[in-house]
Amino acid sequence: MARSSIIQREKKRENLTEKFSAKRQLIKNKLKKDDLSFEEASQLRKQLQKLPLNSLPIRRRKRCSLTGRPRGVYRKFALGRSKLRKAAMRGDIPGLTKASW
């Protein structure tokens, strides 16, 4: 299981992403306009740079919802590979069966 501090850090990043997403999108839309002068564009870029780095969606990491494991996480189920296997064996995930041939 991942340390609780790392899981809390990811939750903080998620909250910051949600908080600043509208502001970030507004600035990016203004930057896409063709009739901007160089000074206006540089001013908008400075505003974009002043936003917290942890508010960037790319800095978030997909983690297992049960254990917090960062690797081997299936997006569709939000579970790590080992927890997904155990849940599938118990029959907790409908439609998911072990392959056999």
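What you are looking at is a predicted structure, and each value in this text was computed from that prediction instead of being measured.

Peer 1: Quick rundown of helix H2 (residues 38-50)? Include the residues and the values.
Peer 2: The end-to-end C-alpha separation of H2 is 18 Å, in line with the 18 Å expected for 13 residues at 1.5 Å each. Listing the buried residues of H2 in full gives Ala-41, Leu-44 and Leu-48. Buried residues of H2, seen end-on, are gathered within an arc of 65° and therefore sit on one face of the element. Exposed side chains of H2 directed beyond 90 degrees from the buried face belong to Phe-38, Glu-39, Lys-46, Gln-49 and Lys-50.

Peer 1: Before we move on, can you summarise the side chain of Arg-24 with the specific residues and values?
Peer 2: The residue Arg-24 is located in helix H1 (residues 4-31) in this model. Here Arg-24 is in contact with Leu-48, Leu-51, Pro-52, Ser-55 and Leu-56, once residues within four sequence places are set aside.

Peer 1: An account of H1 is requested, with residue identities and associated values reported.
Peer 2: In this model H1 runs 39 Å from its N-terminal to its C-terminal C-alpha over 28 residues, within 8% of the 40 Å that 1.5 Å per residue would give. Phe-20 marks where H1 bends most, by close to 45°. Listed in full, the buried residues belonging to H1 are Ile-7, Glu-10, Arg-13, Leu-16, Thr-17, Phe-20, Arg-24 and Ile-27. Looking at the packing, one finds that the buried side of H1 touches H2.

Peer 1: Any details on a negative patch on the surface? Residues and values, ideally.
Peer 2: A cluster of acidic residues, Asp-34, Asp-35, Glu-39 and Glu-40, forms a negative patch at the surface. Relative to the helices and strands, Glu-39 is located in helix H2.

Peer 1: Please give an account of the side chain of Thr-67 that cites residues and values.
Peer 2: Looking at the element boundaries, Thr-67 is found in the loop between H2 and strand S1 (73-74). The exposure class assigned to Thr-67 is buried, which follows from its relative accessible area of 16%.

Cut-offs applied
Each chain carries its own residue numbering, running from 1 in the direction its sequence is written. Local features in this predicted model are restricted to residues of pLDDT 70 or higher, and side-chain atom pairs are both shown and tallied only at a pLDDT of 80 or more, whereas totals for entire chains, interfaces and linings draw on every residue. Hydrogens and water are ignored here; the side-chain numbers use all heavy atoms of the structure. Starting at the N terminus, helices and strands are each numbered in turn, a helix being any DSSP run of H or I of at least four residues and a strand any DSSP run of E of at least two. Under the convention used throughout, the expected extent of a helix is 1.5 Å for every residue step, that is, one less than its residue count. Under the scheme applied here, a residue whose accessible area is under 20% of the maximum for its type counts as buried, over 50% as exposed, and between as partly exposed, the area being computed with a 1.4 Å probe on protein chains only. By definition, the arc is the one covered by directions from the helix axis to the C-beta atoms. Pairs of residues are marked as contacts when any of their non-hydrogen atoms sit within 4.5 Å. Two axes define the bend at a residue: one fitted to the seven residues ending there, one fitted to the seven starting there, and the bend is the angle between them. Note that patches include only residues with greater than 30% relative accessible area and no salt bridge, and the join distances are 9 Å for like charges and 5 Å for nonpolar side chains (Val, Leu, Ile, Met, Phe, Trp, Tyr). Each accessible area is a Shrake-Rupley result for a 1.4 Å probe, and residues are judged covered by the shown protein chains and nothing else. Whenever Lys or Arg places a side-chain nitrogen within 4 Å of a carboxyl oxygen from Asp or Glu, that contact is recorded as a salt bridge. Asp and Glu are treated as the negative residues and Lys and Arg as the positive ones, with His and the ends of the chain left uncounted. A charged residue contributes its charge at one atom only: NZ of Lys, CZ of Arg, CG of Asp or CD of Glu.

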